[in-house]
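Here are the chains, one letter per residue:
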Amino acid sequence: QVRMVESGGGLVQPGGSLRLSCAVAELSVSLNTMAWYRQAPGKQRELVASIDRSDSTNLADSVKGRFTISRDNTKNTVDLQMNSLKPEDTAVYYCHTFILQAITLRRVDYWGQGTQVTVSS
């Protein structure tokens, strides 16, 4: 069973930095598209950043120039480096990936439990 565990969230002042990490078990981060999503209170979950198996990255416009997604194939983790944080970055951040099952090609999504990021003075 695929397991994903996020860590690194917390309270930070505006302009500060945090680094989130997602530890993945039973699935190779190097062979799958990995992503970070976030969900603020009263809002829909939104894609923040993704990295595919060719190391191509995609960032939401709201975080471009401030956030970086990367992966460590040795540790089997996916990290989100967040700099110049703003109050509007406050949300629960989730690690995500998906697979297509063999034969049926049914998509199965996997999510971590989430980690809270609060940006406030």
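Structure: see above.
The present account deals with the structure reproduced in this document. (Residues numbered from 1 in each chain as written. Predicted model: local features only at pLDDT ≥ 70, side-chain atom pairs only at ≥ 80, totals over all residues. Heavy atoms only, no water.)

Tallied over the full model, the rule gives two aromatic pairs. Between Tyr37 and Trp111 the ring centres are 5.0 Å apart and the planes differ by 65 degrees, which places this aromatic pair in the edge-to-face class. With a gap of 74 residues between them, Tyr37 in strand 4 (residues 34-39) and Trp111 in strand 10 (residues 107-111) connect regions that are remote in the sequence. Accessibility expressed as a relative area gives 36% for Trp111, which makes it partly exposed. Ring centres of Tyr94 and Trp111 lie 6.4 Å apart, and the angle between their planes is 90 degrees; this geometry places the pair in the edge-to-face category. Pair noted here: Tyr94 is in strand 9 (residues 91-100) and Trp111 is in strand 10, with a separation of 17 residues, a long-range link. Put simply, the rings of Tyr37, Tyr94 and Trp111 touch in pairs and so form one group of aromatic residues. A cation sits over an aromatic face here: Arg45 above Tyr94, 3.7 Å from the ring centre. One residue, Arg45, lies across the ring of Trp111, its end atom 4.5 Å from the ring centre. (Phe/Tyr/Trp six-rings, centres within 6.5 Å; stacked < 30°, edge-to-face > 60°. Helix = DSSP H or I, 4+ residues; strand = E, 2+ residues; numbered from the N terminus. Buried < 20%, exposed > 50% of the residue type's maximum accessible area, 1.4 Å probe, protein only. Lys NZ or Arg CZ within 6 Å of the ring centre and 35° of its normal.)

Our next topic: the sheet that holds strand 3 (residues 18-25). Reading across from one edge, 1-3-8-7 is the order of the four strands in this open sheet, with antiparallel pairing throughout. Two strands bound the open sheet, and with one partner strand each, they are strand 1 (3-7) and strand 7 (67-72). Recorded for the sheet is a direction-independent mean angle of 15 degrees between the axes of neighbouring strands. Pairing between strand 3 and strand 8 (residues 77-82): six bridges, direction antiparallel. Following the sheet pairing, Cys22 is matched in strand 8 by Val78. (Pairing = 2+ DSSP bridges. Axes fitted to C-alpha atoms, helices over the stretch in contact; angles between N-to-C directions.)

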